[in-house]
Amino acid sequence: MRYTLLSNITIKIFLLITIINTYFLLRIKPANPAQNVILRYGILEESISVEDLQRIAATGIVPQQYQVYTNKFPPEDRQKFLEVLRKKVTVNFVNLSRLLYTPVGSSILQDFSKLTFRKDEAGMQALRTALVHGSKTSEGLSVISFIQNYPSQNLVINVAEVPGVFSNFNLSYQQSNEFIQAITPRLAAKPAELNLPFDPGEAGTGKVQVINLPRLKDEQRQRLVPVDIYWSDAAVTTKPVIILSHGYSSDRTDMRYIAEHLASHGYVVAALEHIGSNQDYRIDPMQGGLALLMKPQEFLERPKDISFILDQLAKWNQQDKHQLQSKLTTNNAMVIGHSFGGGTAMSIAGGELQVDSLRERCAQFLDTTVNFGEGLQCVAKTLPQERYILRDPRIKQAIALNPTTSLMFGETGLENMKVPILILASSADQVTPALTEQIIGFSKIPAPKWLIGIVGATHGSIKDPISTAQREEKGGVEVVGAQAAEIHRYMKVITLAFAAQMTPQREQYKIFLTPEYAQYASTQGFPIRLVTEIPADVIEELKLRR
């Protein structure tokens, strides 16, 4: 029985490590790393050395003193324990830094500190240190490397606390993987030969120009709204204005290649920056964590930023001798958002922000969530009103790439969306997992709608290669830059085809919004699937996994 407790605790610790799947780089090696794991239940306790755990992992042989426990269990359980000990995970430094130095990360660490019997105030830092340094081995993070880097001679685990700590532990990423694997065969379109009229992945004929306005200010709100305007000599008023909304801790260059591509085809694209949640709010490891905390009002300010930019574009369209004079139709606009920007896009396109529901759901699991997207949405729980409708009627279409939706729109906030929307989900997205953040939300949205799934893509895969080369994804587990070139090409196609649905050329582009084209555009590395409705049997699977 005692060995079972050891096995269960070890597996639970490993789940923490695997699900967090990130780490923060520290310079100083922790002193006095753990040599023993002690399991304590009331007045009873037992100990197993790290050396014994290493020996079991290396040889598969359980020392004789533990065999009295292991012999009571089926061979498959013993094998599972061995697999857990041997498994190593490559993790992303910066994501762990982000997670563990946010209020959500602190809540996670506080909850897990209940397991360790630390009598000082360093319990959370000890857990953080163990995760970070355990990740720095050349082979990756493992249960043993985590224990070895816990800064205490003994790692004492309070077994009685385990059920409470782990009962609400969020497994969104793992659930997404399991769900996608289960439904992919049913969603796969049959391969077909397509007679394509042209290649929308190729650049248009327009010569792209950029107007940089880093100090543009909304005087009414006393808020800067930096923006880059992409346009070309091919710009015409029959095409919609397109607004780009970046994710949390990002900036207006994150979708630059999409902006340039659309501009070359005659669209005017405004890539704005949300100063209350831009890269100034990123984690700086060398400064000890989170420099700035995002305010809940940012959920309201972001849609207002988009409305302000549309107002400015309308003024410039009428301004004598302005570069953009008579080139814009601002009452016919489309928004493209990524991550938190995807949630912003859905808000301004008609999604209702349901704070009352969000408060209730955040209270249920915030202490143990490791889904960064959920934690970010929970920031909104202190907004004063129960509900917010932030729609701008000038937005006639929306594209939400890896959006946050699971909490901010409650159970019914997406049901009244009035405009066509395209949602992208990535199977390997650990920040906004596909199942909880995109697929479930998509099932609630009225048609017309499109859901695209890219198997193997990660959260940052759609980002501009220059942006990712300079920022946190470099050297991590994110599939970005040259690795994501095939994804970037498909993003050019799909954003152009979707924008064209607001123009007289819509019929020419419809083929690129079909399951057949998604299958055609798939590669060995990145299978792509597109649906306009989720089949009924898949809806039943969704209900089972909630």
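The structure under discussion appears in the preceding block.
Note that the coordinates shown come from a computational prediction; the quantities given were computed from them, not determined experimentally.

Chemist: For this particular structure, what's the right way to read the overall build of the chain?
Modeler: Counting its secondary structure elements, the chain contains 21 helices and 18 strands. Expressed as a percentage of contacts within the chain between residues at least 6 apart in sequence, the contacts between residues at least 24 apart total 80%. On the chain, roughly 22,700 Å² of surface is accessible, and the fraction owed to carbon and sulfur atoms is 51%.

Chemist: Looking at this structure, I do not really get unusual backbone geometry. What am I missing?
Modeler: Trans peptide bonds make up the majority, and among non-glycine residues the majority have a negative phi. Ala447 connects to Pro448 through a cis peptide bond whose omega is 5 degrees. Turning to its location among the elements, Pro448 is positioned in the loop between helix H16 (434-442) and strand S17 (449-454). Positive phi, close to 55 degrees, is recorded for Gln222, a residue that is not glycine. Mapped onto the fold, Gln222 is located in the loop between strand S5 (217-218) and strand S6 (223-224). One non-glycine residue, Ser249, lies in positive phi territory at about 65 degrees.

Chemist: Is there a simple way to explain helix H13 (residues 340-348) in this structure?
Modeler: Residue pairs spaced three or four apart in an α-helix point in one direction, given the helix's 3.6 residues per turn. In terms of residue burial, H13 counts as a mostly covered element, since 9 of its 9 residues are buried. The secondary structure elements touched by the buried residues of H13 are strand S8 (241-245), helix H12 (298-318), strand S12 (333-338), helix H15 (372-377), strand S15 (395-401) and strand S16 (421-426).

Chemist: Looking at this model, I keep getting lost on the nonpolar core. Mind explaining?
Modeler: Generally speaking, nonpolar side chains in soluble globular proteins are found buried as a group. Ranked by size, the top nonpolar core spans 66 residues in total, and within it Ile229, Ile243, Ile309, Leu313 and Met346 carry the most contacts. At 8 residues, H12 tops the list of elements feeding residues into this core. Apart from residues lying up to four places away in sequence, Met346 is in contact with Gly351, Ala400, Pro403, Thr405, Phe409, Leu414, Met417, Ile421, Ile423 and Ile445.

Chemist: Honestly, the sheet that holds S16 in this entry has me stumped. Any pointers?
Modeler: Each strand in a sheet pairs with its neighbour through backbone hydrogen bonds, running either in the same direction (parallel) or in the opposite one (antiparallel). One open sheet accounts for 9 strands, arranged S4-S7-S9-S8-S12-S15-S16-S17-S18; its pairing is mixed. Strands at the two margins of the open sheet, each flanked by one partner only, are strand S4 (208-213) and strand S18 (528-531). With strand direction ignored, the average angle separating the axes of adjacent strands in the sheet is 15 degrees. Of the pairings in the sheet, the one linking S4 to strand S7 (residues 227-232) comprises 6 bridges and is antiparallel in character. Across the sheet, residue Gln209 finds its bridge partner in S7, namely Trp231.

Chemist: Any chance you could explain the packing of aromatic side chains here in plain terms?
Modeler: For any pair of aromatic rings, geometry is given as the distance between the ring centres together with the angle between the planes. One pass over the full model with this rule turns up 8 aromatic pairs. Members of the aromatic cluster, each reached through a chain of ring pairs, are Phe198, Tyr490, Tyr509, Phe512, Tyr517 and Tyr520. It is Lys449 that lies over the ring of Phe442; its NZ or CZ is 4.5 Å from the centre.

Chemist: Help me understand H16, please; the structure alone is not making it clear to me.
Modeler: Within H16, 9 of the 9 residues are buried, which leaves it mostly tucked inside the rest of the structure. For H16, every residue scored as buried is listed here: Ala434, Leu435, Thr436, Glu437, Gln438, Ile439, Ile440, Gly441 and Phe442.

Chemist: Would you mind showing me how to read the pattern of salt bridges here?
Modeler: When the charged atoms of two side chains with opposite charge come close together, those side chains can pair. Summed over the entire model, instances satisfying the criterion amount to 22 salt bridges. Of the charged contacts in the structure, one is a salt bridge between Arg256 and Asp464, with a shortest N-O distance of 3.6 Å. With a gap of 208 residues between them, Arg256 in helix H11 (residues 256-264) and Asp464 in the loop between S17 and helix H17 (465-470) connect regions that are remote in the sequence. Overlapping salt bridges, with partners in common, bring together Asp218, Arg221, Arg223, Glu298, Glu301, Arg302 and Asp305 in one network.

Chemist: Is there a simple way to explain the state of the cysteines in this structure?
Modeler: The bond known as a disulfide is covalent and runs between the sulfur atoms of two cysteines. Following the criterion strictly, the structure yields 1 disulfide and no others. Residue pairing for Cys362: its cysteine sulfur links by disulfide to Cys378, the two sulfurs lying 2.0 Å apart. Between Cys362 and Cys378 the disulfide shows an S-S torsion of about -100 degrees. By sign, it is left-handed. Of this pair, Cys362 sits in helix H14 (residues 355-365) while Cys378 sits in the loop between H15 and strand S14 (387-389), and the two are 16 residues apart along the sequence. Cys378 shares its class with Cys362; the two are buried.

Chemist: Is there a simple way to explain the environment of Ala485 in this structure?
Modeler: Mapped onto the elements of the fold, Ala485 is located in helix H18 (residues 485-499). Considered as a pair, Ala485 and Pro465 are 20 residues apart in the sequence and their alpha carbons are 8.5 Å apart.

Chemist: Explanation requested: the pairing of S17 in the structure shown.
Modeler: The side chains of a regular strand alternate, first on one face of the sheet and then on the other. The buried count for S17 comes to 5 of 6 residues, which makes it a mostly enclosed element. In the sheet, S16 pairs with S17 via 6 bridges, with the strands oriented parallel. Bridge pairing in S17 places Ser426 opposite Ile454.

Chemist: How do you make sense of the packing of H12 against H13 when you look at a structure like this?
Modeler: Packed helix pairs are characterised by how far apart their axes lie and by the angle those axes make with each other. The interhelical angle for the contact between H12 and H13, taken along N-to-C directions, is 70 degrees, at an axis separation of 9 Å. With respect to H13, the element H12 is oriented roughly perpendicular. You can see that H12 and H13 cross each other, and the crossing is right-handed. Facing Glu298, Phe299, Arg302, Pro303, Ile306 and Ser307 of H12, the residues of H13 in contact are Phe340, Gly341, Thr344, Ser347 and Ile348. Grouping the constituent residues of the contact of H12 with H13 by class yields 5 nonpolar, 4 polar and 2 charged.

Calculation criteria
- Residues numbered from 1 in each chain as written.
- Predicted model: local features only at pLDDT ≥ 70, side-chain atom pairs only at ≥ 80, totals over all residues.
- Heavy atoms only, no water.
- Helix = DSSP H or I, 4+ residues; strand = E, 2+ residues; numbered from the N terminus.
- Contact = heavy atoms within 4.5 Å.
- Areas by Shrake-Rupley, 256 points an atom, 1.4 Å probe, with all protein chains shown as cover.
- Buried < 20%, exposed > 50% of the residue type's maximum accessible area, 1.4 Å probe, protein only.
- Core = buried A, V, L, I, M, F, W, Y, C linked by side-chain atoms within 4.5 Å.
- Pairing = 2+ DSSP bridges.
- Axes fitted to C-alpha atoms, helices over the stretch in contact; angles between N-to-C directions.
- Phe/Tyr/Trp six-rings, centres within 6.5 Å; stacked < 30°, edge-to-face > 60°.
- Lys NZ or Arg CZ within 6 Å of the ring centre and 35° of its normal.
- Salt bridge = Lys/Arg side-chain N within 4 Å of Asp/Glu carboxyl O.
- Disulfide = S-S within 2.5 Å.
- Parallel < 35°, antiparallel > 145°, perpendicular 65-115°, else oblique.
- Left-handed = near helix turned anticlockwise from the far one by under 90°.
- Nonpolar A, V, L, I, M, F, W, Y, C, P; charged D, E, K, R; others polar.

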